Amino acid sequence: MTVRAKSLSWLIAGAGVIGALALVAVFARVTAQTVGTIPQRVAFQISTASITGNDFSVGELLAGILSHPPGISRCETANLCGPPGLIVSTRAADGSVANVSAVNVGATGSSLAQADVVAQAVSGQSAFAGSGPALRLRAIANLYEQTVHLVAAHDAGIETVADLRGKRVSLSTEDSGSIVTARALLQAYRVPEWRMVRNYDPPDFAAQLLRDGELDAFFFVGSAPVELVEQLLLEGVAVLVPLDGVGRDRLVNGSNFLNAALLSQGTYTGTDDLETINVGTLWITNATTPYPLVYAMVKAIFNPDNRPQIEAR
């Protein structure tokens, strides 16, 4: 089973609902809240990362399952869609950091975000040190795993994370989840950022710079297989660098949200098994989102009758 197939198993196991509810308790204490009935017309948005990765397609999938406009025959089956009148839309955004901040202030209804980024937001650390703890966040569900990719130019001589010293490396944009994880990874591997020639372009720009010989490597967190990475490998201009050893042990032992993983042979065309790191993807919302609406959406997402539609993705 490839990592991509594993990433879709979130819908198959009913235990995922229990895990999602447990995450709510981890990130913030749920206070008592009086809510009324769900309005007949509800617009609800899911913000994702850029369309470069798979998050946007997952957001579109959720929107298609949950939306319940008048006249949709499939929604006549109980709990197969969201509540009547719910219209869910998907929006591509800058990444996990931007999405988490937007949800916390109520600028967007919900978003998909890396679990390590959400944890930093709740504690007010790293990228969120200036804004303070994000206390309005609530987790709806832990959906699937994303993989940390270290993509290196084929001829750059980068075989380990340590080889990044002195190289031209893109950490991704400042609002992305990739840069948060990349910085934690570099710290665990004892590779100071100043030892590299740093770049902060988004992954599609970084990929083109790598093709043009102007970049040696870039980090990208996404659900494997990522089309952008697959294309670079097929062109023969890039390789995937393993994330293993003592550095990975330091990283996963110091985090409740990052874990050791294996990209199985064939996940990307022509690749063997590759040691790497995974991080969960949370669907988060603001504390003011009515509980009945959240409950109705969770019931629909984990409805077994929606399983074929998920697996066909």
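Residues numbered from 1 in each chain as written. Predicted model: local features only at pLDDT ≥ 70, side-chain atom pairs only at ≥ 80, totals over all residues. Heavy atoms only, no water.

Considerations on the overall build of the protein
Next, step 1: From N to C terminus, the protein includes 11 helices and 10 strands.
Next, step 2: A total of 313 residues make up the protein; the buried ones form 54% of that total.
Next, step 3: Of the contacts formed within the protein by residues at least 6 apart in sequence, a portion of 75% connects residues at least 24 apart.
Next, step 4: Element-wise, carbon and sulfur atoms account for 53% of the exposed surface of the protein, whose accessible area totals about 13700 Å². (Helix = DSSP H or I, 4+ residues; strand = E, 2+ residues; numbered from the N terminus. Buried < 20%, exposed > 50% of the residue type's maximum accessible area, 1.4 Å probe, protein only. Contact = heavy atoms within 4.5 Å. Areas by Shrake-Rupley, 256 points an atom, 1.4 Å probe, with all protein chains shown as cover.)

A closer look at the pairing of strand E7 (residues 217-222)
Next, step 1: Where burial is concerned, most of E7 is hidden: six out of the six residues are buried.
Next, step 2: Every second residue of E7 is oriented toward a common face, with Ala217, Phe219 and Val221 on one face and Phe218, Phe220 and Gly222 on the other, all of them buried.
Next, step 3: In the sheet, strand E4 (residues 137-153) pairs with E7 via six bridges, with the strands oriented antiparallel. From the neighbouring strand, alanine 152 faces E7, where its bridge partner is alanine 217.
Next, step 4: Strand direction decides the pairing type here: strand E5 (residues 168-170) and E7, joined by two bridges, are parallel. Paired with valine 169 across the two strands is alanine 217, which belongs to E7. (Pairing = 2+ DSSP bridges.)

Treat this as a map of the structure, not an account of what it does.
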